[in-house]
Amino acid sequence: MTLLLVLLLLMCCCLGFGILIGINGSDLQRLTVFLGRCFPRTSSLVSFYRNRRRLLSWYTELLTESPTMTIVVQRFGAPRTVVTANPENVEYILKTNFVNFPKGKSFTDLLGDFLGVGIFNVDGEMWRRQRKMASHGFTTRCLREFFSEVLEKEVEERLIPVLEEAAENGRVLDLQEVLRRLAFDLICKVSLGMDPFCLDLSRPPPPITNALDAASAISAMRGMSSMWKIKRALNMGREKELKEAVRVVNGYVEEMMRLKKEMMKLNGGGGDLLSEFLKWGFSDEVVRDMVVSFLMAGRDTTSAAMTWLFWLLTSHRKIENDVLEEVSTITGGGRIGFDDLRKMNLIKACLSESMRLYPPVVWDSKHAENDDVLPDGTPIRKGDRVTYFPYGMGRMEKVWGQKRLEFIPSRWFDENGSDLKKVSPYKFPCFQAGPRECLGKEMAFVQMKYVVAMVLRRFEITPVSSQTPVFVPQLTACMAGGFNVRVGRRLNQKEDFVAAFS
């Protein structure tokens, strides 16, 4: 009798959390695969617990085993979840049947306390209005103004001196933190029209930066357990911390809004996003949440991408030298101009390759409005969570070939090796794709290419540790413990400091 109860309990565990692989067959085949993967491991719930600290690798392994590069996760108390690394499925979700795969209430509830009704956390008409308005801030004219009025000055007058001081005194720098501070200064100038002086390392960072970190991490953890709603209601544990972090973030932005309104009364405001948001007549809550969304995305995504690229280049010095040669050839040893950046294909390829391996956003989820079937035959039920998985996609042999785990920027060039290939955004969805493609994609590349070029032409970066950094998935991924480096002046460059800034 006891043995029977144990077997029934194990069966319930399996039914409570199962993983289906190769699910484009009949119901009988799906059931056979389900049982075959479940019972030999005692239960998939146990497997999930064992792999909870390596979910990215575990999901990638399962997707690699799946003939369709799609798995289905069923867990007690959570919606049925379809996870895919199949580009055809990604295109179907993000473009072909876009209307059937909104963010959905389950997703927006997870991030609602943090991102509220900002553009990254809403659907329908509210999303369309915000996107239409925000798109005016990312025209070619705006990109040129961003480069000449904001980016050049921030890099030349703040970032380069920070690195010069570290090189002069042999000081170890957390390059990830430096790049995050740089990105925060830049996004505040673009979004708020105000300067937080975050890259001044003699000052403590503004309280909002730590609050953004906490809110991002805790919001991401909500997806692991439904207990967060109970903890929020009781105002306890991490939910209490989240509430305080959100209070700090919102308070900072609301104060900036108050100051901006006073400035607008005097001189009409400026060309920053906040001024435009206020002119469009959105409520203060919507404006605040839109600004919070841009601050979070603008700070964390570009800094993460650059951090991982700088680390990769430290073990690929030949590629680093090729980048230096490209910069030297294009600029002739002089200043780097806006039009020069457009010609720097190798740097863009390096950034793309870095984001393929270490995407700033490792997965993104939608929720099915109605029953559906993905191109690979996977059935979708109304209410399912449907997740595409950029981290896993970058590691699929069927997508990127046998050398998928290697850092090979040349894979982004055509057969002649001179022009960049047109790679489907559904194969490389780091900036999303379809109607929700990232509005700031081109601005991000302008910023990253300029920073990478300016840093590499002046300095050689050497990691303090020889160990491979740990990739940490949050709302935006980061390098665990930062990226501690030593900075040395580059002595073998044709351009000297005077030429670079003349």
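See above for the structure.
The present account deals with the structure reproduced in this document. (Residues numbered from 1 in each chain as written. Predicted model: local features only at pLDDT ≥ 70, side-chain atom pairs only at ≥ 80, totals over all residues. Heavy atoms only, no water.)

Moving on, we come to the overall build of the chain. Tallying secondary structure elements over the chain gives 21 helices and twelve strands in all. Looking at the chain residue by residue over its 502 residues, the buried ones come to 54%. At a minimum sequence separation of 6, the contacts of the chain that also span at least 24 residues come to 72%. Only carbon and sulfur atoms are counted for the fraction: they give 55% of the accessible area of the chain, which is about 22,700 Å². (Helix = DSSP H or I, 4+ residues; strand = E, 2+ residues; numbered from the N terminus. Buried < 20%, exposed > 50% of the residue type's maximum accessible area, 1.4 Å probe, protein only. Contact = heavy atoms within 4.5 Å. Areas by Shrake-Rupley, 256 points an atom, 1.4 Å probe, with all protein chains shown as cover.)

With that settled, consider the nonpolar core. Judged by nonpolar contacts, the single largest core of 146 residues is most densely connected at Leu 159, Phe 310, Met 355 and Val 487. At 16 residues, the largest contribution of residues to this core is made by helix H14 (residues 284-314). Aside from chain neighbours lying at most four places away, what touches Met 355 is Ala 305, Pro 360, Phe 428, Cys 430, Phe 431, Phe 445 and Met 448. (Core = buried A, V, L, I, M, F, W, Y, C linked by side-chain atoms within 4.5 Å.)

Residues three or four positions apart in an α-helix share a direction because the helix packs 3.6 residues into each turn. The terminal C-alpha atoms of H14, which comprises 31 residues, lie 46 Å apart, in line with the 45 Å expected from a rise of 1.5 Å per residue. Burial analysis of H14 places 28 of its 31 residues in the buried class, which makes it a mostly covered element. (Expected span 1.5 Å × (residues − 1).)

Quick look at the packing of aromatic side chains now. Under the definition given, this model contains 21 aromatic pairs. Ring centres of Trp 58 and Tyr 59 lie 5.9 Å apart, and the angle between their planes is 40°; this geometry places the pair in the tilted category. There is no split in this pair, since Trp 58 and Tyr 59 are both buried. Among the aromatic residues, those joined into a ring-pair cluster are Trp 58, Tyr 59, Trp 308, Trp 311, Tyr 358, Trp 363, Phe 389, Tyr 391 and Phe 471. The positively charged end of Lys 348 is found above the aromatic ring belonging to Phe 445, 4.9 Å away from the centroid. (Phe/Tyr/Trp six-rings, centres within 6.5 Å; stacked < 30°, edge-to-face > 60°. Lys NZ or Arg CZ within 6 Å of the ring centre and 35° of its normal.)

This next bit is on the side chain of Asn 345. Examined against the element boundaries, Asn 345 turns out to sit in helix H17 (residues 345-357). Since its relative accessible area comes to 19%, Asn 345 is described here as buried. Aside from chain neighbours lying at most four places away, what touches Asn 345 is Glu 326, Phe 413, Ser 418, Asp 419 and Leu 420.

Time to look at unusual backbone geometry. One non-glycine residue, Phe 197, lies in the positive phi region at around 50°. With respect to the element layout, Phe 197 can be found in the loop between helix H9 (175-191) and helix H10 (207-221). Phi is positive for Gln 432, close to 55°, though the residue is something other than glycine. Its location among the elements puts Gln 432 in the loop between helix H19 (397-400) and helix H20 (441-458).

This brings us to the pairing of strand S5 (residues 364-367). By the alternation rule, side chains of S5 split into Asp 364 and Lys 366 and Ser 365 and His 367, which are all buried. Two strands pair when backbone bridges link them, and S5 and strand S8 (residues 385-388) are joined in this way by four bridges, in the antiparallel orientation. From the neighbouring strand, Asp 364 faces S8, where its bridge partner is Tyr 388. (Pairing = 2+ DSSP bridges.)

None of the figures reported here should be taken as evidence of function without further support.
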